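Given next are the chains, with one letter for each unit.
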Amino acid sequence: MKPWLRRTLVILAIYALANIAFFLANPFASPWHYRDHDPVPLEVERLEDRQLSTGDIVEILDEIDLAYGAREPTAGEQVGQVTKLGVGLVFFPATVALIAQEFLGYMGPATDAQQAFTISVKKRYNHLARLAVERGYRVEGRFLFRIDAALSKNNGISLDEARVAHPEPTGNSPNA
């Protein structure tokens, strides 16, 4: 076999293996959306939630808001999206397969399991938002999710209204 042909075949084999690894890892999958017809709902309240800092909680809330179209991406998130697009183009065959797999996972009316998953994400968001409010987190224009199976955010009560249910703790509470 000619050296250039051997080298080409090795490169193609490495590229194919890298695409398979990328497909299996699915590194850009959102944990806040289901990818098949039978997802397992999230645990709404976790023991470690009380250990999260207010900043960590706000990061999770921001991720969910972005995933459900409740806010526009920041400049940094836009750079991340462009980077993901570039990586997706490098691993084009795996990206096409992942898009097809995700499409098949969403195809058809939402199953009971898919609806339960979506509702669990929204309940988790509301739980974490209330926890942040208990710690003194303040921001205007942020709302709890209305609990429904829609794949977008339908605003429930504002965090200001949720604060009424959880008065501010005494002492100095940092705003996140």
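Note that the structure is a prediction, hence the values are computed from the model and not measured.

Each value, and the rule that gives it
Residues numbered from 1 in each chain as written. Predicted model: local features only at pLDDT ≥ 70, side-chain atom pairs only at ≥ 80, totals over all residues. Heavy atoms only, no water. Salt bridge = Lys/Arg side-chain N within 4 Å of Asp/Glu carboxyl O. Helix = DSSP H or I, 4+ residues; strand = E, 2+ residues; numbered from the N terminus. Buried < 20%, exposed > 50% of the residue type's maximum accessible area, 1.4 Å probe, protein only. Expected span 1.5 Å × (residues − 1). Axes fitted to C-alpha atoms, helices over the stretch in contact; angles between N-to-C directions. Left-handed = near helix turned anticlockwise from the far one by under 90°. Contact = heavy atoms within 4.5 Å. Nonpolar A, V, L, I, M, F, W, Y, C, P; charged D, E, K, R; others polar.

Draft legend 1. Just the pattern of salt bridges, in detail. Under the criterion given, the structure shown has eight salt bridges. Notably, a salt bridge pairs Arg142 with Asp65, separated by 3.0 Å at the nearest N-O pair. Of the two residues, Arg142 sits in the loop between helix H5 (112–134) and strand S1 (143–145) while Asp65 sits in helix H2 (residues 54–67), which places them 77 residues apart along the sequence. Neither residue differs from the other here; Arg142 and Asp65 are each classed as buried. Two residues, Lys122 and Asp148, come together in a salt bridge whose shortest N-O distance is 2.5 Å. Taken as a pair, Lys122 in helix H5 and Asp148 in the loop between S1 and strand S2 (155–158) lie far apart in primary sequence, 26 residues in all. Members of the salt-bridge network, linked through shared partners, are Asp62, Asp65, Arg142 and Lys153.

Draft legend 2. View of H5. For H5, which comprises 23 residues, the first-to-last C-alpha distance of 33 Å matches the rise-based estimate of 33 Å (1.5 Å per residue) to within 8%. Phi turns positive one or two residues past the end of H5, at Gly136, with a value near 100°.

Draft legend 3. Here's a closer look at the packing of H2 against H5. Closest axis-to-axis distance for the H2/H5 pair is 10 Å, and the angle between their directions is 145°. Considering how the two elements wind past one another, H2 and H5 form a crossing that is left-handed. Between H2 and H5, the contacting residues are Ile57, Ile60, Leu61, Ile64 and Asp65 on the first element and Val121, Tyr125, Leu128, Ala129, Leu131 and Ala132 on the second. For the contact of H2 with H5, the class distribution of residues is 10 nonpolar, no polar and one charged.

Note that every value here comes from positions in space, so none of it alone points to a role or purpose.
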